[in-house]
Every structure is written in C-alpha cells, then in structure tokens.
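Residue-level structural notes
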Amino acid sequence: MKFLLGIILYLILFSGPIYADSKFTTTYDLTYKVEESGITTVTQNFQIKNNTSEFLPQQYITTIGKQELVNFQAFDKTGKLDVKLDGSGDNRTLIVKFRQSGAGLGQSLNWTLTYQTNEIAKRHGQIWEIYIQKPEDKTEVQSYTIGLYVPNSLGKPFITKPVPKSSDHIWTNTEIEGKGIYASYFLGQGNNPFQIFDFKLTYHLHNSKLYPAETEFALPGDKSYQKIFLQSLTPLPVNVYIDRDNNWIAKYSLGPAGNIDVIATGSAIVYFRPTPQKDSFVPTLDYVKWQRYWETTDPRIISMVKKTSTPKEIYDLVLKTLKYDPQRAAKNISRLGASGILNNPNSAISLEFTDLFIALTRASDIPSREINGIVFPHLNLHSWPEYYDKTTRTWKMIDPTLGSTTGLDYFNDLDLNHMALVTRGQNSSSPLSVGTYKVNDDNSNDIQVTYSSRVPDRKEKISIRTNLPPKITSGLPFSGKVYIDNNGSTIFGQNKLEIQTGKLNIGNDRVTTPEIPPFGHVEISFTIDQIPWAEDASDIITIKFAGLTKDYKIDIQPIFTNKYLFVIGGLTILGLISIIAQITRGIFFQKQKR
C-alpha cells in the first residue's frame, strides 16, 4: 500500500514538454494529521527550485492506483489549482496543472497538495496502528520532512519506528529507515500495552492403525508475551499437560482407523513486554545444541559466528545474509534449514530466517528456539525466533523476516500482532501447529482469529477426586491416587496438596503440584502404611488443596472378615493341599515300583 509516490514533472522548453530531473530541485514537508475517527488529512508543501533559466514546470503527475484517497485540493499563492484524476485501477493518476511559471534561474514554485485517506490509521482491538510508506527516492528530491500528529484520544504511544530525533514527531529524510514509519497507540489501561484476539482452531486427528491409539497435539499456551484463556475444547481430551517447551499438549484416544475433529475456542492476550520466566522453564543445554535445521556445526555457521558476539549482531547478520522470496512463500515448499538456505540465500522464507538465527545463536551458546504462529491480520502460519536473555531472565521474541521485508526494527520492539501457537526448542520439527493437521488434504479454514476489545474473564474452577474405596483391609499395604482437575479457562499455578487422617499413617502426604493447563489434570499417588491385622475401625481422609477441603470416610476391616480374601485364602489352602497330595501320591507309587 503506497501513500505517496515520486514526483513526475513535465517541463516545457518553448518547443514542447521535456522530462529533465536535473533541471529542478524539489523539497517538501509532508504532514499526516489523524482525526479521532482515523481519517487522516495529508498535506504536502512543495518547493520546486529552478536550476536553469530555460525550463518551466507545467504540471505535477503522480500515480495513486487503487488507494482510497479523497478530497484532493491543490493551491499556490494565487489560489486553487486545477486537480484532475485520470485512468482507472492501478493506472489511476493525479494531475495538478500549475499557473505560476517559476521561471528564472534560482526561482522557486511553492504549492500545496492535500487529500484525505482512511488507509493510514486503523484501529485493531485495543490498538491504533499507523503505517506511513516511505516516499520513493527521486534524484530531483533534495530533502523532505514527515510530521505525524495524533490526538490523545487514540491512546498512549508505545511503539514508534524509527524513533524521531525531534520530540514533535517530525522525521527528516535521513531518519526514515527501510520502507517507512510505524506507530502504535494503546487504548487500554496499565503500563504494559496489550492486544486481545479471539480464536477458533480446528484440529483434524486420524488414527491410521487397526487398533486403538493415542495422539497428541499442541494448543496455544502461555508464553512470556502471551496469556491464553481456553474457553472450550470439544470433545474433551484424556488430559492436557505442559511439555518442556511450555506447550500445552492435548491427549486424545482414537479408535481403530478413527477420526476426530477437535475444536478449541478462547482468547489470547498478547503483551508488549515479556514477563520473567519461572525457574522450571529456565533454558538448559538443550537450547544450544545441534538439531535438524539448526546445524550449529556447519563450518559456514561457525565462520559467521566469529563475526558476531551479541543477539543483535546476529540479527543484523541474518538480515544482511538472507533475502525474502515471496514466490517461494506462496508455494507448498520444503524447509531448507540454516545450512540449506546458505546455498541459496536469496530465496528465504520465515522458516529459514528463523533457522539461521537459531543456528547462529546456539553456535554462540545463546539459548534460542522457534515460535510458530500467525501475524495478524494474515492467518497464514509464520515463524519467528526467540532467545533467552540471562540478564532479564526472559525469552525475547524477534522477527528477522519482518525486519527484512519492512526495513523496520523488529529486534528491540515486536508489534502486538504476533500470536504464538507452538514453541519448538527441544525438537526443531515438533510439535506441529494447527493448520497442519489435515485429513485427505482437507481445505477447511482451521485458523479463525479476530481482534477483540473485550478483556476475557478469568474463570478458575478446580475440583478434587480420588480412587479411594469405601473399605480397606487391615494387615495389607494400600496405595491411592488424588486427581486435581482444572476445569477453568486459564492455567492453574503450583499449589500445596495436603492429605490428613486421624489414625492412618500416610506416605507422601504433602506435595507441591505442578501447573495445570485448562482441561488438564495432575495425578498424585500416596500410600497408607500397613495396619495391624486385627484392626476394625473407620477413619476420615481429608484432602486440602488451594482452599478446597474434601473428606472421605473409609472403613478398616480385619483381614479375617474380608469374605473375598477368605475365599481366596481357602482356595489357596485347598490348592496347596491338593499339590502336596499329588506329590505324596507320586512318591508312594515310585516306591511300589521298586
């Protein structure tokens, strides 16, 4: 989307129009004034200086294509100028005819062009985003400035790329990096801006075996930048647990040659600043080792690492080395990995930008891993890396692909349009992301994500259950299990589980449970010490967890009153007597033969 294109000047030497870039020098000031509705008024003040005494500017022509630009006006000191739109589609042009000649060496023609557009400022959920395309470089343009004016009602600014040297949000042409300017404004409350997404994800599961089998897949989970509210999971899983990369893994049982479509709905809050990691997820040596696609031992990788020492230097080196290939991105192509893309660095997609960064950081002993997700509003799968900052104890996400394609800084500040679906650090190929679980090349829309302005409710619902029987037999050891179910929408943190009794001695009676994701459960085993043989009594087993208390009455019966054990014992004794009789009879007959 282009908002300002280069100036095409048609000049007159008395015999007719001639295009001559070097005959004039152009400077201009460009301002973008955003209204509360998002409509932006663009004002461009031109100065065209004549470098000769022979040429005269006649008209200004610029291609505007299909852009939604309206209310064009042009004027100079004499008044309004004629403005005309010509052509259609991509070839639509704007023509402004000049009245002043600007004749004479060193003379200048000053004029102004204004128009309005709704394509620059967009509200997305909790965020207003502004994109200003960098003006095209032209030899006749000596310099320009760009000013951005935004009302306070659009929220608090928290991202500006690049950061202007002026406090008035004015950039000079030497400050404009890459392809333009990006700014974000937060409408919500708090010091850590956030974006909210609502999602509906579909996973197509298939069991190709002729016998029942279990299968697993990764749900969107909490990350350093992300909080998940999982409202529904249909059908319900066998369990949901957290793997070593902090993914939420859902487990399902499928019958022989069975198919299941699992639908997950919920919301994600994506934060601007990461949160420190819990000790259980501080990276280990696994995050600096060789993996397929992350070939840390490739001599070329080792040579490149010698030129860098920090994650930022590695990021810059990746951008310098690789070029994004949109044609390859549009095809269903195989992943090349870090080593493979170095053979053809001009044909990279997001996977290889990520793979090369991870290979280089791991070769430098910097923990790193891959995030697979989406960058809204595009719902195609996208890959970006994150590295572990030991100083702040946080995983920091970056996006070298967008850094390459936009020319903006995606190392220091990531936008709020990245929603993580899967983290890969222990294994470069798994778990797979939603959208890759297909049956018979199904073309269904498995990823549905929309912006939301509604902060999701935090629903906590924990329940306790156990496999305790109503009776146990004295004289015999006994073991039981307690199950803690998370029926809420968010992860339930670590907590203390305590088992109390009046008479019985419990082993493993105090336990700290791990985090439990939504629709998941943890299983805690405990033992009851051997009870005297003749004990005939009852007791109360009390289970306490996270403010919940549950009592279970249990009867203790002497071993000789247990009819099942009595029958089994009697049968066992009869069996032993029968065996002894058979042996005795055999010995007797052997003696008779002698």
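This text follows the structure it describes.
Attention in this report is confined to the structure presented alongside it.

Cut-offs used in this document
- Residues numbered from 1 in each chain as written.
- Predicted model: local features only at pLDDT ≥ 70, side-chain atom pairs only at ≥ 80, totals over all residues.
- Heavy atoms only, no water.
- Helix = DSSP H or I, 4+ residues; strand = E, 2+ residues; numbered from the N terminus.
- Contact = heavy atoms within 4.5 Å.
- Areas by Shrake-Rupley, 256 points an atom, 1.4 Å probe, with all protein chains shown as cover.
- Pairing = 2+ DSSP bridges.
- Axes fitted to C-alpha atoms, helices over the stretch in contact; angles between N-to-C directions.
- Buried < 20%, exposed > 50% of the residue type's maximum accessible area, 1.4 Å probe, protein only.
- Core = buried A, V, L, I, M, F, W, Y, C linked by side-chain atoms within 4.5 Å.
- Polar contact = N/O pair within 3.5 Å; in protein donor to acceptor, adjacent residues only side chain to side chain.
- Salt bridge = Lys/Arg side-chain N within 4 Å of Asp/Glu carboxyl O.
- Parallel < 35°, antiparallel > 145°, perpendicular 65-115°, else oblique.
- Left-handed = near helix turned anticlockwise from the far one by under 90°.

What about the overall build of the chain?
A count of helices and strands for the chain gives seven helices and 36 strands. Residue pairs at least 24 apart in sequence account for 71% of intrachain contacts in the chain once pairs closer than 6 positions are excluded. Of the roughly 29300 Å² of accessible surface on the chain, a fraction of 52% belongs to carbon and sulfur atoms.

As for the sheet that holds strand β18 (residues 213-219)
Here we have three strands laid out as an open sheet, ordered β18-β21-β20, and antiparallel in their pairing. If you trace the sheet from one side to the other, it starts and ends with β18 and β20 (239-242), each paired once. Each strand axis lies, on average, 30° off the axis of its neighbour in the sheet, ignoring direction. Two elements, β18 and strand β21 (residues 248-254), share seven bridges in a ladder whose sense is antiparallel. Paired with alanine 213 across the bridge in β21 is leucine 254.

Focus: the environment of tyrosine 271
Within the secondary structure, tyrosine 271 sits in strand β22 (residues 259-271). Assessed through its relative accessible area of 28%, tyrosine 271 is described here as partly exposed. Considering only alpha carbons, one finds tyrosine 271 and leucine 416, 145 residues apart in sequence, at a separation of 6.8 Å.

Thoughts on the nonpolar core
Counting residues in each nonpolar core, the largest one holds 75 residues, and the members touching the most others are Tyr203, Leu219, Leu356 and Leu360. Here this core gets seven residues from one element, more than from any other, and that element is strand β17 (residues 194-206). Discounting residues that sit within four places of it in the chain, leucine 356 has contacts with Ile301, Met304, Val318, Thr321, Leu322, Ala338 and Leu342. One finds Phe72, Leu81, Leu148 and Tyr185 within the second-largest nonpolar core, a separate group that totals 37 residues.

Some remarks on the pairing of strand β36 (residues 548-557)
Where strand β29 (residues 471-473) and β36 come together, three bridges link them in parallel fashion. Paired with lysine 471 across the two strands is aspartate 555, which belongs to β36. Adjacent in sequence and paired antiparallel, strand β35 (residues 537-545) and β36 are bridged by two residues, among which alanine 546 carries a positive phi angle near 50°.

Considerations on the environment of proline 135
Mapping proline 135 onto the fold places it in the loop between β12 (127-133) and β13 (141-149). Judged by its relative accessible area of 2%, proline 135 falls in the buried class.

A look at unusual backbone geometry
Glycine aside, residues mostly have negative phi angles, and peptide bonds mostly take the trans form. At the junction of threonine 234 and proline 235, the peptide bond is cis and its omega measures out at -5° in the coordinates. Residue position: proline 235 is located in the loop between β19 (226-234) and β20. Cis geometry is found at the peptide bond from serine 430 to proline 431, where omega equals 5°. By the secondary structure assignment, proline 431 is in the loop between β26 (418-424) and β27 (447-452). Phi is positive for asparagine 71, close to 55°, though the residue is something other than glycine. Its place among the elements puts asparagine 71 in strand β6 (residues 69-76). Of note in this structure, histidine 169 is not a glycine but carries a positive phi near 55°. Mapped onto the elements of the fold, histidine 169 is located in the loop between β14 (156-161) and β15 (170-172). Residue classification places histidine 169 among the partly exposed positions, given a relative accessible area of 23%.

Some details on the side chain of serine 184
As for its placement among the helices and strands, serine 184 is situated in strand β16 (residues 180-186). Side-chain polar atoms of serine 184 contact the side chain of tyrosine 182, separated by 2.6 Å. Here serine 184 is in contact with Ile127, Trp128, Glu129, Lys156, Pro157, Phe158 and Ile159, once residues within four sequence places are set aside.

So, the pattern of salt bridges
Tallied over the entire structure, the rule returns 17 salt bridges. A salt bridge links arginine 328 to glutamate 352; its shortest N-O distance comes to 2.7 Å. Taken as a pair, arginine 328 in helix α3 (residues 326-329) and glutamate 352 in helix α5 (residues 350-363) lie far apart in primary sequence, 24 residues in all. Judged on exposure class, the residue arginine 328 and its partner glutamate 352 are both buried. If you follow the salt bridges from partner to partner, you end up with Arg335, Asp355, Glu370 and Arg424 in one network.

Some remarks on the packing of helix α2 (residues 311-321) against α5
To describe two helices that pack against each other, one gives the angle between their axes and the distance between the axes. Their axes nearest at 10 Å, the elements α2 and α5 cross at an angle of 140°. In terms of orientation, α2 lies oblique with respect to α5. As α2 runs across α5, the sense of the crossing is right-handed. Contact with α2, carried on its side by Pro311, Ile314, Tyr315, Leu317, Val318 and Thr321, involves Phe353, Leu356, Phe357, Leu360 and Thr361 of α5 and no other residues of that element.

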